[in-house]
Amino acid sequence: MKILLCGGAGYVGSHMAKWLAGRGFEITVLDNLSTGHREAVQWGSFVEADLLATDSLERVFGSRRFDAVMHFCARSLVGESVSKPYDYYLNNVSGTLNLLQAMQRYGVNRLVFSSTAAVFGHPTSALIDEGHPKAPINPYGMSKLMVEHMLADAAAAYGLRSVALRYFNAAGASETAEIGEAHQPETHLIPNVLKSVLGQGPGLKVFGDDYPTPDGTCVRDYVHVDDLAQAHELALAYMEQHEGAHAFNLGSGQGFSVREVIAAAEQVTGQRVPYEMTPRRAGDPAVLVASSERARRELGWQPKYNDLRSIIESAWRWHANPKF
């Protein structure tokens, strides 16, 4: 099967390329390298293109045949989305529309879409399942939800088959430490904790210790990036048997506080994690934990990394000796 990975030079996309290549898929990576890394493209062929440049999409689709597309291209910084909402709607929504129209012109009828837990906003239940109300609290989450609506409309009008996978907190790195998480700027907790141990970056800040949680810090659900890759492969098989637009939540079903992440990182590294306690950030929910029962039941998803320590261990192997 021939797969186009849009955004395949990024964090999740590069792990997806490695996963699929190891299972015999033929991979083409499309990326504009605005945030991705050319060094991360180690599997499949690479083409530099941009979803906002329709001529480059024509070049890609006109020169190769694809059975399905996986779409990881997105601007994804929540704070930036608040200050630059037009950029997020242009890139995440308009760029996706360009991709969908190119797929339609060239007869590609399968899409796996990288969505997010940010479509839900503030949780109204302890575990967030697919039926939870969708009420994004920032333009990033809204842009992803708009794409989910577009996919539903495309299924009804054009017969597009799609699966949107809503990640909670993607974390960890390849077991071989060939690729890992490398964002600029880095906003995710686990890499910033490990950078703090290594004395890199501006220093770790913990935003708020007065939340209604056991230790006062925010609780989040962490899912290993390779477990996300497994779910994407399963989504390809799911679309062969199911018409329409579908969505699944992907998380571990377990919540860990910021202080618990720090404590686990200290155990893994054998070093103290220096950090500064600061006031809450506006808009941060106290707890975000997924119910992934539907993904387990309908996709057959079976995450391999079921504990926080193993996720941090894989990330530490990468951050201790990054390749890019």
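Residues numbered from 1 in each chain as written. Predicted model: local features only at pLDDT ≥ 70, side-chain atom pairs only at ≥ 80, totals over all residues. Heavy atoms only, no water.

### Some points on the environment of Ala265
- Mapped onto the elements, Ala265 comes out in helix α8 (residues 258–269).
- Look at Ala265 and you get buried, because its relative accessible area is 1%.
- Residue contacts for Ala265: discarding those within four places in its chain leaves Val193, Leu194, Gly270, Val273 and Ile312. (Helix = DSSP H or I, 4+ residues; strand = E, 2+ residues; numbered from the N terminus. Buried < 20%, exposed > 50% of the residue type's maximum accessible area, 1.4 Å probe, protein only. Contact = heavy atoms within 4.5 Å.)

### Let's talk about the packing of helix α4 (residues 85–105) against helix α5 (residues 139–158)
- Two elements in contact, α4 and α5, have axes separated by 9 Å at closest approach and are oriented at 20°. Here α5 runs roughly parallel to α4, going by the angle between their axes. Seen along the crossing, α4 lies across α5 with a hand that is right-handed. Contacts between α4 and α5 involve Pro85, Tyr88, Tyr89, Asn92, Val93, Thr96, Leu97, Leu100 and Gln104 on the former and, on the latter, Pro139, Tyr140, Met142, Ser143, Met146, Val147, Met150, Leu151 and Tyr158.
- In the contact of α4 with α5, the residues fall into 14 nonpolar, 4 polar and no charged. (Axes fitted to C-alpha atoms, helices over the stretch in contact; angles between N-to-C directions. Parallel < 35°, antiparallel > 145°, perpendicular 65-115°, else oblique. Left-handed = near helix turned anticlockwise from the far one by under 90°. Nonpolar A, V, L, I, M, F, W, Y, C, P; charged D, E, K, R; others polar.)

### Some remarks on helix α1 (residues 11–21)
- Along α1, 9 of the 11 residues are buried, which leaves the element largely enclosed by surrounding structure.
- Those residues of α1 not exposed but buried are Tyr11, Val12, Gly13, Ser14, His15, Met16, Ala17, Trp19 and Leu20.
- The elements touched by buried residues of α1 are β1 (2–6), β2 (26–31), β4 (68–71), β6 (161–167), β7 (169–171) and α7 (225–241).

### Quick notes on the sheet that holds strand β5 (residues 110–116)
- Pairing in this open sheet of 7 strands is parallel, and the strands run β3-β2-β1-β4-β5-β6-β11 from one edge to the other. This sheet does not close on itself; its edge strands, each paired only once, are β3 (45–48) and β11 (245–250). Going across the sheet, the axis of each strand differs from the next one's by a mean of 20°, ignoring polarity.
- Direction of pairing for β5 relative to β6: parallel, over a ladder of 7 bridges. (Pairing = 2+ DSSP bridges.)

### Observations regarding the pattern of salt bridges
- What the rule picks out here adds up to 16 salt bridges.
- Between Arg65 and Asp67 there is a salt bridge, with the nearest N and O atoms lying 2.7 Å from each other.
- On the basis of relative accessible area, Asp67 is assigned to the partly exposed category, the value being 27%.
- Several salt bridges share partner residues, and in doing so they unite Arg75, Glu80 and Asp87 into one network. (Salt bridge = Lys/Arg side-chain N within 4 Å of Asp/Glu carboxyl O.)

### What about the layout of surface pockets?
- Size it by volume and the second largest pocket reaches roughly 280 Å³.
- Every residue lining the second largest pocket is counted, 13 residues in all, and those nearest its centre are Leu100, Gln104, Ala154, Tyr158 and Leu160.
- Where the lining of the second largest pocket is concerned, the elements lending two or more residues are α4 and α5.
- In terms of residue count, the dominant contributor to the lining of the second largest pocket is α4 (5 residues).
- Split into classes, the residues belonging to the lining of the second largest pocket amount to 8 nonpolar, 4 polar and 1 charged. (1 Å grid on protein atoms, 1.4 Å probe; cavity = no way out; pocket = protein on both sides within 12 Å on 5 of 7 lines; lining within 4 Å. Points joined across faces, edges and corners; volume = space filled by probe spheres on them.)

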